[in-house]
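# Structural features, examined
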Amino acid sequence: TYTDSLKQVEYNYVFPIWGQQAYSKGFDIPSPAGLMGNYMWMQQGILIENLQLGVKTDNVDIPLTPVDFVEFGDNLNTSYSVNVRPDLWIFPFLNVYGIFGYGNSDTEVNLTFPIELQSVVNQDLRTAGVGLMGAGGIGPVWISADFNFTWNKPALLDKPVLVNVLGLRLGHTFEFKNRPHSNLAVWAGGMRASMSSETRGEIQLIDVISPDAWERRDEIVQDYYNWYENEATPPQKIVADRVLTPIVERLEAADGSTIIRYGMDKQVEQKWNGIVGIQYQLNKRWMLRSEGGIIGNRKSFLISLNYRFLL
């Protein structure tokens, strides 16, 4: 009965284009324009390569210098963001949207050679981006493909980090017979994320090293000089004399105001992870959604509220 009633709808709005044709075939489609508020938490492993370091103080100015013998253990990034997502269905099967938000990033880097040292850097970030989503139905299920670019500007980096995300979802929507405008949708799928690899910035030494490392800095300094005297090769000593030893000397002097320059190639440890989600549509205006990343190295949690209107 509801499907038959849709075929009689006279659609007098601009978007989506071909909206009238969709209703004429008995398809219910969302109101074309929307504004979504999102909160997202994410934790994932990070790979670091091609490290470069430099130092800047009142009396010292050392430019970025490659330190290719430094080795890392497991590195972890934990972040959250709050953003708004305006969107518009251009066609019944194609949605365009923007992302604008603010968040915080906490990156834990574990150095394993030539010394063991943990660095934890916390910084605020701003986000802006654009995306496309295509969707359609196949029998009792629907499928969507979502692709977006976001530019994320952490406070301590010179340039924004470009992140692109691809989401593939397969789901089913359960309708309430007595409330045709209300439904419950569930889905599963995968998300692929990657980022621009080159990272450059400056940070004070006090913000680089964890509080625990500052408390045992005498031990760290001793470990460094033991490596330098007993294990370091002549080429490694040349690099160490240029950039590592000045940093260790500042650590030994407890000079947290020293500026550390850094550059590196950084990438997510695993690009793909599995996701599951659920959405409750109260009516054609209000929708509440949640999604979690549960399979793979990346863990995530999303909750969002969506308001839609005709245009």
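Residues numbered from 1 in each chain as written. Predicted model: local features only at pLDDT ≥ 70, side-chain atom pairs only at ≥ 80, totals over all residues. Heavy atoms only, no water.

The next thing to look at is the pattern of salt bridges. Counted by the stated rule, this structure contains 11 salt bridges. Between Arg308 and Asp87 there is a salt bridge, and its shortest N-O distance comes to 2.8 Å. Of this pair, Arg308 sits in strand 14 (residues 299-309) while Asp87 sits in strand 4 (residues 75-91), and the two are 221 residues apart along the sequence. Overall, the relative accessible area of 3% leaves Arg308 in the buried class. Taking the shortest distance from any N to any O, the salt bridge between Glu202 and Arg261 comes out at 3.2 Å. One end of the pair, Glu202, is in strand 10 (residues 198-204); the other, Arg261, is in strand 11 (residues 259-268), with 59 residues separating them in the sequence. According to the relative accessible area criterion, Glu202 is partly exposed, its value standing at 32%. (Salt bridge = Lys/Arg side-chain N within 4 Å of Asp/Glu carboxyl O. Helix = DSSP H or I, 4+ residues; strand = E, 2+ residues; numbered from the N terminus. Buried < 20%, exposed > 50% of the residue type's maximum accessible area, 1.4 Å probe, protein only.)

Time to look at the pairing of strand 6 (residues 117-138). Sheet topology places strand 5 (residues 94-113) next to strand 6; 18 bridges connect them, and they run antiparallel. The partner of Gly101 across the bridge, within strand 6, is Thr127. With antiparallel pairing between neighbouring strands as the criterion, strand 5 and strand 6 make up a hairpin whose turn holds 3 residues. Note: strand 6 against strand 7 (residues 141-154), 14 bridges, orientation antiparallel. Within strand 7, the position partnered with Arg126 by the bridge is Lys153. (Pairing = 2+ DSSP bridges.)

The next point concerns the pairing of strand 5. The sheet contact formed by strand 3 (residues 71-72) and strand 5 spans 2 bridges and is antiparallel. Following the sheet pairing, Phe72 is matched in strand 5 by Leu111. Across 13 bridges, strand 4 lies against strand 5 in antiparallel orientation. Bridge pairing in strand 5 links Val84 to Phe100.

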